[in-house]
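Secondary and tertiary structure notes
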Amino acid sequence: MDRAAGVLARAWYDAWRGWWLASALALSGVLVLVLATAGLLEGMERETEQRVADFYTGDLRVTPERAGAAPPGSFGFNTSAGLELARAGLEGAAGRGARVEARLETTYLLSRRGLVEAYLFEDDQFGVALPGVASERDAYSVGVLAGLPMADAATRDRLRPYLVTGSFPEAAENDTGPVQVLMSTAQFASMLDEGERERIGARPTAGELSALRLEITAARVDDSGPFKDIIRYPARVTGVFDSGLDALDRITLVAPIEDARRLLGADADSGEANVFTVHGGAGGVAHAAEQEGWVSEGPAKFTQRYLGQLVAVVRILGLALSSLLLSFPFFMVWVGMAQQLDRSRRELAVCRAIGMGPATVRGALLRLTARVALLSVGPTVVVIGLAAWLLPRALGPAIDFPFPLGFVVPAWAVAVCVATLLLAGGAALGGAMRRHNREDLAGTLRAL
(Lines give C-alpha, C1' and ligand atoms only; values in the text may rest on other atoms or scores of the structure.)
Protein backbone atom coordinates (compact mmCIF):
# COMPACT_ATOMS: atom_id res chain seq x y z
CA MET A 1 0.00 0.00 0.00
CA ASP A 2 2.90 2.36 0.66
CA ARG A 3 4.05 1.90 -2.93
CA ALA A 4 0.52 2.48 -4.20
CA ALA A 5 0.29 5.69 -2.14
CA GLY A 6 3.57 6.90 -3.64
CA VAL A 7 2.44 6.18 -7.20
CA LEU A 8 -0.87 7.91 -6.56
CA ALA A 9 0.86 10.97 -5.02
CA ARG A 10 3.24 11.31 -7.98
CA ALA A 11 0.38 11.00 -10.46
CA TRP A 12 -1.63 13.71 -8.68
CA TYR A 13 1.41 15.97 -8.44
CA ASP A 14 2.22 15.61 -12.16
CA ALA A 15 -1.43 16.16 -13.12
CA TRP A 16 -1.68 19.49 -11.30
CA ARG A 17 1.95 20.55 -10.94
CA GLY A 18 1.31 24.29 -11.43
CA TRP A 19 -1.13 24.45 -8.53
CA TRP A 20 1.19 22.65 -6.13
CA LEU A 21 4.13 24.87 -7.10
CA ALA A 22 1.97 27.96 -6.57
CA SER A 23 0.96 26.60 -3.15
CA ALA A 24 4.61 25.95 -2.25
CA LEU A 25 5.57 29.48 -3.36
CA ALA A 26 2.77 31.02 -1.29
CA LEU A 27 3.80 28.92 1.70
CA SER A 28 7.43 29.96 1.26
CA GLY A 29 6.41 33.64 1.16
CA VAL A 30 4.46 33.34 4.41
CA LEU A 31 7.32 31.47 6.11
CA VAL A 32 9.74 34.20 5.04
CA LEU A 33 7.39 36.81 6.48
CA VAL A 34 7.04 34.99 9.79
CA LEU A 35 10.76 34.25 10.21
CA ALA A 36 11.85 37.67 8.97
CA THR A 37 9.54 39.39 11.45
CA ALA A 38 10.81 37.24 14.29
CA GLY A 39 14.44 37.60 13.14
CA LEU A 40 14.33 41.40 12.94
CA LEU A 41 12.67 41.80 16.33
CA GLU A 42 14.93 39.22 17.99
CA GLY A 43 18.02 40.80 16.41
CA MET A 44 16.91 44.25 17.49
CA GLU A 45 16.35 43.06 21.04
CA ARG A 46 19.73 41.30 21.25
CA GLU A 47 21.58 44.30 19.81
CA THR A 48 19.79 46.54 22.29
CA GLU A 49 20.76 44.29 25.19
CA GLN A 50 24.37 44.22 23.97
CA ARG A 51 24.60 48.01 23.99
CA VAL A 52 22.94 48.23 27.39
CA ALA A 53 25.40 45.61 28.63
CA ASP A 54 28.37 47.60 27.32
CA PHE A 55 27.25 50.78 29.07
CA TYR A 56 25.39 49.57 32.16
CA THR A 57 25.24 45.88 33.04
CA GLY A 58 27.93 43.65 31.58
CA ASP A 59 26.90 40.02 31.92
CA LEU A 60 25.53 40.74 35.40
CA ARG A 61 24.90 43.89 37.39
CA VAL A 62 25.11 44.02 41.20
CA THR A 63 23.67 46.92 43.23
CA PRO A 64 23.49 47.43 47.02
CA GLU A 65 19.80 48.05 47.79
CA ARG A 66 17.62 47.75 44.71
CA ALA A 67 17.99 47.29 40.97
CA GLY A 68 17.92 50.02 38.35
CA ALA A 69 20.07 52.81 36.95
CA ALA A 70 21.69 55.26 39.40
CA PRO A 71 20.68 53.07 42.36
CA PRO A 72 20.31 54.66 45.80
CA GLY A 73 22.87 54.08 48.51
CA SER A 74 26.32 52.60 48.12
CA PHE A 75 28.22 49.49 49.12
CA GLY A 76 29.64 51.39 52.09
CA PHE A 77 33.34 50.73 51.56
CA ASN A 78 35.33 53.33 53.47
CA THR A 79 38.57 52.82 51.58
CA SER A 80 39.66 51.85 48.11
CA ALA A 81 41.29 48.77 49.66
CA GLY A 82 37.89 47.57 50.93
CA LEU A 83 36.36 48.15 47.51
CA GLU A 84 39.16 46.25 45.82
CA LEU A 85 38.77 43.35 48.24
CA ALA A 86 35.05 43.05 47.50
CA ARG A 87 35.67 43.37 43.76
CA ALA A 88 38.27 40.59 43.89
CA GLY A 89 35.85 38.38 45.83
CA LEU A 90 33.16 38.75 43.18
CA GLU A 91 35.74 38.17 40.49
CA GLY A 92 36.66 34.89 42.12
CA ALA A 93 32.99 33.90 42.27
CA ALA A 94 32.58 34.77 38.59
CA GLY A 95 35.18 32.26 37.55
CA ARG A 96 38.29 32.17 35.44
CA GLY A 97 38.57 34.81 32.74
CA ALA A 98 35.84 37.04 34.17
CA ARG A 99 36.40 40.66 35.16
CA VAL A 100 34.44 42.70 37.71
CA GLU A 101 34.22 46.48 37.32
CA ALA A 102 33.32 48.85 40.16
CA ARG A 103 31.42 51.98 39.14
CA LEU A 104 29.48 54.87 40.62
CA GLU A 105 26.26 56.08 39.02
CA THR A 106 24.29 59.19 39.89
CA THR A 107 21.76 61.51 38.35
CA TYR A 108 23.21 64.76 37.05
CA LEU A 109 22.29 68.22 35.82
CA LEU A 110 24.44 69.67 33.07
CA SER A 111 24.10 73.35 32.21
CA ARG A 112 25.63 75.48 29.49
CA ARG A 113 25.42 78.41 31.87
CA GLY A 114 26.67 78.56 35.41
CA LEU A 115 24.06 77.38 37.90
CA VAL A 116 24.32 80.57 39.92
CA GLU A 117 23.85 82.61 36.76
CA ALA A 118 20.86 80.48 35.85
CA TYR A 119 19.35 81.03 39.31
CA LEU A 120 19.83 84.81 39.16
CA PHE A 121 18.86 85.49 35.55
CA GLU A 122 16.70 82.58 34.36
CA ASP A 123 13.31 83.63 33.07
CA ASP A 124 11.94 80.57 31.27
CA GLN A 125 14.26 81.05 28.28
CA PHE A 126 15.55 77.50 28.12
CA GLY A 127 14.14 74.00 28.39
CA VAL A 128 15.53 70.69 29.55
CA ALA A 129 16.97 68.21 27.04
CA LEU A 130 14.56 65.31 27.34
CA PRO A 131 13.09 62.94 24.73
CA GLY A 132 9.98 64.52 23.26
CA VAL A 133 10.82 68.03 24.50
CA ALA A 134 11.37 70.44 21.61
CA SER A 135 13.39 73.62 22.11
CA GLU A 136 15.53 75.84 19.97
CA ARG A 137 18.34 75.18 22.37
CA ASP A 138 18.10 72.99 25.45
CA ALA A 139 20.40 74.63 27.94
CA TYR A 140 20.00 71.90 30.53
CA SER A 141 20.64 68.19 30.24
CA VAL A 142 19.59 65.67 32.90
CA GLY A 143 20.20 61.96 33.05
CA VAL A 144 22.48 59.31 34.51
CA LEU A 145 26.18 59.93 35.01
CA ALA A 146 28.05 56.62 34.73
CA GLY A 147 31.30 56.95 36.65
CA LEU A 148 33.59 54.28 35.18
CA PRO A 149 37.22 53.29 35.80
CA MET A 150 38.43 55.07 32.66
CA ALA A 151 42.05 54.29 33.51
CA ASP A 152 41.20 50.64 32.84
CA ALA A 153 42.09 49.70 29.24
CA ALA A 154 39.33 47.05 29.17
CA THR A 155 36.70 49.72 29.91
CA ARG A 156 37.94 51.93 27.09
CA ASP A 157 38.11 48.98 24.67
CA ARG A 158 34.49 48.11 25.44
CA LEU A 159 33.30 51.65 24.64
CA ARG A 160 35.66 52.33 21.75
CA PRO A 161 33.32 51.01 19.00
CA TYR A 162 30.78 53.67 19.97
CA LEU A 163 33.20 56.60 20.03
CA VAL A 164 32.42 58.94 17.11
CA THR A 165 35.11 61.53 17.64
CA GLY A 166 37.34 62.88 20.40
CA SER A 167 38.93 60.93 23.23
CA PHE A 168 37.98 59.25 26.48
CA PRO A 169 37.76 61.39 29.63
CA GLU A 170 40.47 61.28 32.27
CA ALA A 171 40.25 61.94 35.98
CA ALA A 172 41.15 65.46 37.11
CA GLU A 173 44.60 65.90 38.62
CA ASN A 174 43.21 67.86 41.59
CA ASP A 175 39.95 68.33 43.45
CA THR A 176 39.09 71.58 41.70
CA GLY A 177 39.78 70.58 38.08
CA PRO A 178 37.00 70.33 35.49
CA VAL A 179 35.03 67.12 35.13
CA GLN A 180 35.79 65.52 31.77
CA VAL A 181 32.76 63.84 30.21
CA LEU A 182 31.89 61.69 27.21
CA MET A 183 28.42 62.48 25.87
CA SER A 184 26.31 61.29 22.96
CA THR A 185 26.04 63.14 19.67
CA ALA A 186 22.35 63.80 20.43
CA GLN A 187 23.18 65.36 23.79
CA PHE A 188 25.96 67.46 22.30
CA ALA A 189 23.66 68.75 19.55
CA SER A 190 20.97 69.63 22.13
CA MET A 191 23.41 71.98 23.88
CA LEU A 192 23.96 74.02 20.71
CA ASP A 193 21.78 76.61 19.00
CA GLU A 194 20.80 76.17 15.36
CA GLY A 195 23.66 78.26 14.00
CA GLU A 196 26.22 76.32 16.03
CA ARG A 197 24.80 73.01 14.82
CA GLU A 198 25.15 74.05 11.19
CA ARG A 199 28.71 75.30 11.73
CA ILE A 200 29.97 72.35 13.75
CA GLY A 201 28.21 69.50 11.92
CA ALA A 202 27.91 65.87 12.99
CA ARG A 203 31.60 65.33 13.84
CA PRO A 204 32.92 68.12 16.05
CA THR A 205 36.65 68.61 16.30
CA ALA A 206 38.57 68.44 19.58
CA GLY A 207 38.71 72.24 19.64
CA GLU A 208 34.96 72.56 19.15
CA LEU A 209 34.35 70.05 21.92
CA SER A 210 36.60 71.81 24.41
CA ALA A 211 35.12 75.22 23.49
CA LEU A 212 31.73 74.18 24.91
CA ARG A 213 31.74 75.53 28.47
CA LEU A 214 29.49 73.58 30.79
CA GLU A 215 28.80 73.20 34.49
CA ILE A 216 27.77 69.93 36.09
CA THR A 217 26.26 68.96 39.42
CA ALA A 218 24.72 65.91 41.07
CA ALA A 219 22.56 68.19 43.27
CA ARG A 220 24.49 67.45 46.46
CA VAL A 221 25.00 70.12 49.11
CA ASP A 222 28.44 70.87 50.49
CA ASP A 223 28.02 71.87 54.13
CA SER A 224 31.65 71.52 55.15
CA GLY A 225 32.25 75.30 55.08
CA PRO A 226 30.57 78.22 56.84
CA PHE A 227 28.04 78.51 54.00
CA LYS A 228 26.11 75.73 52.36
CA ASP A 229 26.55 75.44 48.62
CA ILE A 230 25.72 72.99 45.84
CA ILE A 231 28.68 70.89 44.74
CA ARG A 232 29.33 71.85 41.13
CA TYR A 233 32.28 71.82 38.77
CA PRO A 234 33.04 73.07 35.29
CA ALA A 235 32.68 70.29 32.72
CA ARG A 236 34.59 69.71 29.51
CA VAL A 237 33.50 67.40 26.71
CA THR A 238 36.38 65.23 25.49
CA GLY A 239 34.45 63.09 23.01
CA VAL A 240 31.03 62.08 21.71
CA PHE A 241 29.60 58.60 21.23
CA ASP A 242 26.68 57.03 19.39
CA SER A 243 25.34 53.73 20.74
CA GLY A 244 22.58 53.45 18.13
CA LEU A 245 20.05 53.28 20.98
CA ASP A 246 18.21 56.58 21.25
CA ALA A 247 16.90 56.11 24.79
CA LEU A 248 20.38 55.29 26.08
CA ASP A 249 22.03 58.17 24.21
CA ARG A 250 19.56 60.71 25.59
CA ILE A 251 20.23 60.00 29.27
CA THR A 252 23.79 58.67 29.53
CA LEU A 253 26.88 60.67 30.38
CA VAL A 254 30.21 58.92 30.97
CA ALA A 255 32.89 60.25 33.31
CA PRO A 256 35.75 58.81 35.38
CA ILE A 257 34.61 57.28 38.65
CA GLU A 258 36.90 59.66 40.55
CA ASP A 259 34.97 62.67 39.24
CA ALA A 260 31.63 61.02 40.03
CA ARG A 261 32.84 60.70 43.61
CA ARG A 262 33.75 64.39 43.69
CA LEU A 263 30.26 65.33 42.51
CA LEU A 264 28.79 63.29 45.37
CA GLY A 265 31.08 64.92 47.91
CA ALA A 266 33.39 61.92 48.44
CA ASP A 267 37.16 61.76 48.08
CA ALA A 268 38.27 60.89 44.56
CA ASP A 269 40.39 57.97 45.83
CA SER A 270 37.78 56.63 48.28
CA GLY A 271 35.91 53.35 47.98
CA GLU A 272 32.60 54.98 47.06
CA ALA A 273 30.72 52.78 44.54
CA ASN A 274 27.15 51.63 44.02
CA VAL A 275 27.45 49.18 41.10
CA PHE A 276 29.54 46.14 40.22
CA THR A 277 29.36 44.83 36.65
CA VAL A 278 30.66 41.41 35.65
CA HIS A 279 32.18 40.91 32.19
CA GLY A 280 33.15 37.57 30.68
CA GLY A 281 30.72 35.29 32.49
CA ALA A 282 28.63 35.76 35.63
CA GLY A 283 29.47 32.41 37.25
CA GLY A 284 28.36 32.34 40.89
CA VAL A 285 28.28 36.12 41.35
CA ALA A 286 24.48 36.24 41.81
CA HIS A 287 24.71 33.78 44.73
CA ALA A 288 27.66 35.65 46.27
CA ALA A 289 25.78 38.96 45.96
CA GLU A 290 22.69 37.45 47.59
CA GLN A 291 24.80 36.36 50.57
CA GLU A 292 25.82 40.01 51.04
CA GLY A 293 22.25 41.25 50.76
CA TRP A 294 22.88 42.83 47.36
CA VAL A 295 20.66 42.73 44.28
CA SER A 296 21.73 41.34 40.89
CA GLU A 297 20.17 41.45 37.42
CA GLY A 298 21.24 40.62 33.88
CA PRO A 299 21.15 42.80 30.77
CA ALA A 300 17.84 41.33 29.54
CA LYS A 301 15.98 42.17 32.75
CA PHE A 302 17.58 45.61 33.00
CA THR A 303 16.71 46.39 29.37
CA GLN A 304 13.13 45.19 29.69
CA ARG A 305 12.56 47.49 32.65
CA TYR A 306 13.31 50.56 30.54
CA LEU A 307 12.85 49.55 26.91
CA GLY A 308 11.74 45.97 26.45
CA GLN A 309 7.97 46.13 26.92
CA LEU A 310 7.39 47.77 23.53
CA VAL A 311 9.69 45.31 21.75
CA ALA A 312 7.98 42.34 23.40
CA VAL A 313 4.48 43.55 22.48
CA VAL A 314 5.45 44.25 18.87
CA ARG A 315 7.13 40.85 18.59
CA ILE A 316 4.10 38.96 19.91
CA LEU A 317 1.64 40.87 17.71
CA GLY A 318 3.83 40.60 14.62
CA LEU A 319 4.39 36.88 15.03
CA ALA A 320 0.71 36.20 15.77
CA LEU A 321 -0.52 38.15 12.74
CA SER A 322 2.06 36.73 10.35
CA SER A 323 1.45 33.18 11.60
CA LEU A 324 -2.25 33.54 10.78
CA LEU A 325 -1.25 34.03 7.15
CA LEU A 326 -0.12 30.40 7.06
CA SER A 327 -3.79 29.47 6.72
CA PHE A 328 -3.84 30.89 3.17
CA PRO A 329 -1.32 28.52 1.49
CA PHE A 330 -2.80 25.54 3.30
CA PHE A 331 -6.24 26.62 2.15
CA MET A 332 -4.76 26.38 -1.35
CA VAL A 333 -3.44 22.90 -0.51
CA TRP A 334 -6.87 21.83 0.78
CA VAL A 335 -8.60 23.18 -2.33
CA GLY A 336 -6.05 21.43 -4.54
CA MET A 337 -6.52 18.10 -2.78
CA ALA A 338 -10.30 18.43 -2.90
CA GLN A 339 -10.23 19.23 -6.61
CA GLN A 340 -7.86 16.36 -7.28
CA LEU A 341 -10.13 13.94 -5.40
CA ASP A 342 -13.11 15.18 -7.40
CA ARG A 343 -11.25 14.63 -10.67
CA SER A 344 -10.17 11.13 -9.62
CA ARG A 345 -13.34 9.94 -7.90
CA ARG A 346 -14.19 7.34 -10.56
CA GLU A 347 -10.70 5.84 -10.46
CA LEU A 348 -10.73 5.94 -6.65
CA ALA A 349 -14.14 4.28 -6.54
CA VAL A 350 -12.87 1.42 -8.69
CA CYS A 351 -9.75 1.05 -6.55
CA ARG A 352 -11.84 1.00 -3.38
CA ALA A 353 -14.09 -1.63 -4.92
CA ILE A 354 -11.15 -3.95 -5.56
CA GLY A 355 -9.81 -3.53 -2.03
CA MET A 356 -7.76 -0.32 -1.77
CA GLY A 357 -8.53 1.16 1.63
CA PRO A 358 -8.72 4.78 2.83
CA ALA A 359 -5.19 4.46 4.27
CA THR A 360 -3.72 4.47 0.75
CA VAL A 361 -5.54 7.68 -0.20
CA ARG A 362 -4.57 9.24 3.13
CA GLY A 363 -0.94 8.28 2.56
CA ALA A 364 -0.99 9.77 -0.95
CA LEU A 365 -2.46 13.05 0.31
CA LEU A 366 0.05 13.13 3.15
CA ARG A 367 2.94 12.70 0.72
CA LEU A 368 1.51 15.40 -1.50
CA THR A 369 1.23 17.80 1.45
CA ALA A 370 4.78 16.96 2.59
CA ARG A 371 6.11 17.57 -0.93
CA VAL A 372 4.52 21.05 -1.02
CA ALA A 373 5.98 21.84 2.41
CA LEU A 374 9.45 20.62 1.39
CA LEU A 375 9.34 22.62 -1.84
CA SER A 376 8.72 25.75 0.22
CA VAL A 377 11.73 25.16 2.50
CA GLY A 378 14.43 25.79 -0.13
CA PRO A 379 13.36 29.34 -1.12
CA THR A 380 12.69 30.15 2.53
CA VAL A 381 16.21 29.18 3.61
CA VAL A 382 17.78 31.14 0.73
CA VAL A 383 15.77 34.32 1.36
CA ILE A 384 16.25 34.22 5.14
CA GLY A 385 19.99 33.64 4.68
CA LEU A 386 20.24 36.63 2.36
CA ALA A 387 18.18 38.72 4.80
CA ALA A 388 20.48 37.81 7.70
CA TRP A 389 23.49 38.90 5.67
CA LEU A 390 22.01 41.93 3.90
CA LEU A 391 19.45 43.65 6.14
CA PRO A 392 21.73 44.78 9.01
CA ARG A 393 24.26 46.11 6.49
CA ALA A 394 21.72 47.80 4.22
CA LEU A 395 19.25 49.19 6.73
CA GLY A 396 21.54 49.97 9.67
CA PRO A 397 23.53 52.85 8.13
CA ALA A 398 20.70 53.98 5.84
CA ILE A 399 17.90 54.83 8.27
CA ASP A 400 17.62 56.74 11.52
CA PHE A 401 16.07 54.20 13.87
CA PRO A 402 15.69 54.51 17.67
CA PHE A 403 16.86 50.91 18.16
CA PRO A 404 19.94 49.15 16.75
CA LEU A 405 19.09 46.73 13.95
CA GLY A 406 20.12 43.10 13.87
CA PHE A 407 18.86 39.83 12.44
CA VAL A 408 18.76 36.60 14.44
CA VAL A 409 16.17 33.88 13.77
CA PRO A 410 15.37 32.42 17.20
CA ALA A 411 14.77 28.72 17.71
CA TRP A 412 11.30 29.35 19.14
CA ALA A 413 10.22 31.07 15.89
CA VAL A 414 11.28 28.00 13.90
CA ALA A 415 9.40 25.81 16.37
CA VAL A 416 6.27 27.97 15.98
CA CYS A 417 6.51 27.66 12.18
CA VAL A 418 6.92 23.88 12.35
CA ALA A 419 4.01 23.52 14.79
CA THR A 420 1.81 25.76 12.63
CA LEU A 421 2.75 23.80 9.50
CA LEU A 422 1.82 20.52 11.19
CA LEU A 423 -1.43 21.96 12.48
CA ALA A 424 -2.45 23.56 9.17
CA GLY A 425 -1.31 20.52 7.17
CA GLY A 426 -3.28 18.20 9.44
CA ALA A 427 -6.37 20.40 9.07
CA ALA A 428 -6.08 20.43 5.26
CA LEU A 429 -5.49 16.67 5.12
CA GLY A 430 -8.36 15.97 7.49
CA GLY A 431 -10.77 18.18 5.53
CA ALA A 432 -9.89 16.49 2.24
CA MET A 433 -10.26 12.99 3.72
CA ARG A 434 -13.64 13.79 5.26
CA ARG A 435 -14.85 14.97 1.87
CA HIS A 436 -13.51 11.81 0.23
CA ASN A 437 -15.14 9.53 2.78
CA ARG A 438 -18.51 11.16 2.16
CA GLU A 439 -18.41 10.06 -1.50
CA ASP A 440 -21.16 7.57 -2.41
CA LEU A 441 -19.20 4.50 -3.62
CA ALA A 442 -22.24 2.65 -5.01
CA GLY A 443 -23.60 5.65 -6.87
CA THR A 444 -20.21 6.43 -8.42
CA LEU A 445 -19.78 2.82 -9.59
CA ARG A 446 -23.27 2.76 -11.15
CA ALA A 447 -22.44 5.96 -13.04
CA LEU A 448 -19.40 4.36 -14.74
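1. Some thoughts on the packing of aromatic side chains
As enumerated under the stated definition, the model contains nine aromatic pairs in all. Between the aromatic rings of Phe-77 and Phe-276, the centroid separation amounts to 6.4 Å while the plane-to-plane angle is 55 degrees, which identifies the pairing as tilted. With Phe-77 in the loop between β1 (60–63) and α3 (80–94) and Phe-276 in strand β10 (residues 275–279), the pair connects residues that are 199 residues apart, well separated along the chain. Relative accessible area serves as the criterion here: at 17%, Phe-77 is assigned to the buried category. On the basis of relative accessible area, Phe-276 is assigned to the buried category, the value being 0%. On the basis of an interplanar angle of 85 degrees and a centroid distance of 6.5 Å, the ring pair of Phe-77 and Trp-294 is categorised as edge-to-face. Linking Phe-77 in the loop between β1 and α3 with Trp-294 in the loop between α11 (285–291) and β11 (295–297), this pair joins segments that are 217 residues apart in sequence.

2. Observations regarding the confidence of the model for the protein
Summing up the model confidence of the protein, the mean pLDDT is 78 and the portion of residues at 70 or higher is 73%. Residue range residues 440–448 is modelled with pLDDT below 50. Its contacts to residues more than four positions away, or to other chains, number 11 contacts.

3. What to know about the pairing of β1
The alternating pattern of β1 places Leu-60 and Val-62 on one face and Arg-61 and Thr-63 on the opposite face, and all of these are buried. As paired strands, β1 and β10 are joined by three bridges and run antiparallel to one another. Looking across to β10, one finds that Val-62 is bridged to Phe-276. The pairing of β1 with β11 spans three bridges and is classified as antiparallel. Residue pairing in the sheet places Thr-63 in a bridge with Val-295 of β11.

4. Quick notes on the side chain of Arg-158
Tracing the sequence through the fold places Arg-158 in helix α5 (residues 153–159). In this structure the side chain of Arg-158 is engaged in a polar contact, spanning 3.2 Å, whose partner is the side chain of Glu-101. Not counting chain neighbours up to four residues away, the residues in contact with Arg-158 comprise Asp-54, Arg-99, Glu-101, Arg-103, Leu-148 and His-279.

5. Remarks on the pattern of salt bridges
Counted under the stated rule, the structure contains 14 salt bridges. Between Arg-99 and Glu-101 there is a salt bridge, and its shortest N-O distance comes to 3.6 Å. Judged by relative accessible area, which is 1%, Glu-101 ranks as buried. Where Arg-160 meets Asp-157, a salt bridge forms, and the shortest distance between an N and an O atom there is 3.3 Å. Judged by its relative accessible area of 41%, Arg-160 is partly exposed. Here the residues in one salt-bridge network are Arg-61, Arg-99, Glu-101, Arg-103, Glu-105, Asp-152 and Arg-158, joined through shared partners.

6. A word on the nonpolar core
Residues Leu-110, Met-183, Phe-188, Leu-214, Ile-216, Val-237 and Leu-253 are the most contacted members of the largest nonpolar core, which totals 27 residues. Looking at this core, the elements that each hand over two or more residues are β2 (99–111), β6 (179–184), β7 (214–222), β8 (229–241), β9 (252–256) and α10 (257–263). A total of five residues in this core trace back to one element, the largest contributor, which is β8. With residues near it in sequence (within four places) discarded, Ile-216 still touches Tyr-108, Leu-109, Leu-110, Val-179, Val-181, Ile-231, Arg-232, Tyr-233, Ala-235, Leu-253 and Leu-263.

Thresholds, definitions, all that
Residues numbered from 1 in each chain as written. Predicted model: local features only at pLDDT ≥ 70, side-chain atom pairs only at ≥ 80, totals over all residues. Heavy atoms only, no water. Phe/Tyr/Trp six-rings, centres within 6.5 Å; stacked < 30°, edge-to-face > 60°. Helix = DSSP H or I, 4+ residues; strand = E, 2+ residues; numbered from the N terminus. Buried < 20%, exposed > 50% of the residue type's maximum accessible area, 1.4 Å probe, protein only. pLDDT = per-residue confidence, 0-100. Contact = heavy atoms within 4.5 Å. Pairing = 2+ DSSP bridges. Polar contact = N/O pair within 3.5 Å; in protein donor to acceptor, adjacent residues only side chain to side chain. Salt bridge = Lys/Arg side-chain N within 4 Å of Asp/Glu carboxyl O. Core = buried A, V, L, I, M, F, W, Y, C linked by side-chain atoms within 4.5 Å.

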